[in-house]
Amino acid sequence: IVSGDIGVTVYFWKGSVSKMNAKESILNGKAALGIEFGSTRIKAVLIDENCEALAVGSYHWENQLVDGIWTYSLEMIHTGLQACYKDLADKVRAQYDLPLTKLAGIGISAMMHGYMAFDKNDKLLVPFRTWRNTMTAQAAEELTKLLGFNIPQRWSIAHLYQAVLNKEPHVPDISYINTLAGYVHKRLTDRFEVGVGEASGIFPVEGIGYKKEYLELTEKSLAEKGFDHKLKDILPAVRNAGEK
């Protein structure tokens, strides 16, 4: 037997064992699912306990310019998530001849920042404003000066602050605001919270949570402009990396 033949034999033997392990992970619910909402594609990746990719699904989408706002509708978000997951589940069935019925966990990530404002009945008050919009220059400048900390236009707090500055009609009805990842997480779990990484694009964080000194300064400034909600009630709660 020549070395080339040995190499080919080992390759196929390893591949067979890997597929067996993959099927075991899927059957026993040990595989974890990550879903990311990117600007042009929603991606789903199923991994095993060793972080090896078992299957990948995707769905292509594009943001829309509606009344001067770059946005994705709720229908697009829901349809895209369902189609992406279906593509992944179909790939799992095709590759492993198994249905995908149990998972060790699910993680949601998305384009950071942006602005989704909801009322007390979970109704979206204005179209989702993505990170791509550059309509919060005044708010970003005022907040940066107020806090002594750079607040980019795309951050969620800049969008909220600008809406207050503009006296937008929806502002009095705001019960809470969220990001895209936070919205999907809330729909799946009914929990109003985000990971600390996601939170850092909403409002400045310190340790595990939003920076208290900055919260107080921002709340005072917003109150002077007629918005007297506490930011801890408006912004999603923060969870540390690794927390359920």
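For the structure, see preceding data.
Thresholds, definitions, all that
- Residues numbered from 1 in each chain as written.
- Predicted model: local features only at pLDDT ≥ 70, side-chain atom pairs only at ≥ 80, totals over all residues.
- Heavy atoms only, no water.
- Helix = DSSP H or I, 4+ residues; strand = E, 2+ residues; numbered from the N terminus.
- Buried < 20%, exposed > 50% of the residue type's maximum accessible area, 1.4 Å probe, protein only.
- Core = buried A, V, L, I, M, F, W, Y, C linked by side-chain atoms within 4.5 Å.
- Contact = heavy atoms within 4.5 Å.
- Phe/Tyr/Trp six-rings, centres within 6.5 Å; stacked < 30°, edge-to-face > 60°.
- Axes fitted to C-alpha atoms, helices over the stretch in contact; angles between N-to-C directions.
- Parallel < 35°, antiparallel > 145°, perpendicular 65-115°, else oblique.
- Left-handed = near helix turned anticlockwise from the far one by under 90°.
- Nonpolar A, V, L, I, M, F, W, Y, C, P; charged D, E, K, R; others polar.

Caption draft 1: Quick peek at unusual backbone geometry. The backbone of aspartate 67 sits at a positive phi, close to 55 degrees, despite the residue not being glycine. Among the structural elements, aspartate 67 can be located in the loop between β4 (64–66) and β5 (69–71). The exposure class of aspartate 67 is exposed, given its relative accessible area of 78%. Phi is positive for aspartate 97, close to 55 degrees, though the residue is something other than glycine.

Caption draft 2: Summary view of the nonpolar core. Formed by 33 residues in total, the largest nonpolar core has its most connected members in Ile26, Phe37, Leu46, Trp61, Ile77 and Leu180. Breaking this core down by element, the ones donating at least two residues are α1 (3–27), β1 (32–37), β2 (41–47), β3 (53–60), α2 (74–96), β7 (116–118) and α5 (180–189). No other element matches α2, which puts 7 residues into this core. Beyond its immediate chain neighbours, meaning those up to four positions away, tryptophan 61 contacts Phe37, Gly38, Ser39, Thr40, Arg41, Ile42, Tyr72, Met76, Ile77, Met111 and Leu180. If you look at the next biggest cluster of nonpolar residues, it comprises 30 residues, including Ala139, Val194, Leu215 and Leu222.

Caption draft 3: Structural context of the packing of aromatic side chains. Evaluated as defined, the whole model comprises 9 aromatic pairs. Judged by centre distance (5.7 Å) and plane angle (5 degrees), the rings of phenylalanine 118 and tyrosine 183 are stacked. Here phenylalanine 118, found in strand β7, pairs with tyrosine 183, found in helix α5; they are 65 residues apart in sequence, far enough to count as distant. For the pair phenylalanine 118 and tyrosine 183, a shared accessibility class is recorded, and that class is buried. Note on phenylalanine 149 and tyrosine 214: the rings are 5.7 Å apart at their centroids and 55 degrees apart in plane angle, and the pair reads as tilted. Of this pair, phenylalanine 149 sits in the loop between α3 (137–147) and α4 (156–165) while tyrosine 214 sits in helix α7 (residues 212–224), and the two are 65 residues apart along the sequence. On the basis of relative accessibility, which here comes to 8%, the residue tyrosine 214 falls in the buried class.

Caption draft 4: Region of interest: the packing of α4 against α7. In the contact formed by α4 and α7, the axes pass within 10 Å of each other and the chain directions differ by 20 degrees. On the basis of their axis angle, the class for α4 and α7 is roughly parallel. In this structure, α4 meets α7 at a crossing whose hand is left-handed. Of the residues in α7, those in contact with Ile157, Tyr161 and Val164 of α4 are Thr218, Ser221 and Leu222. Of the residues belonging to the contact of α4 with α7, the class tally is 4 nonpolar, 2 polar and no charged.

Function-wise, these values are silent; they only describe arrangement.
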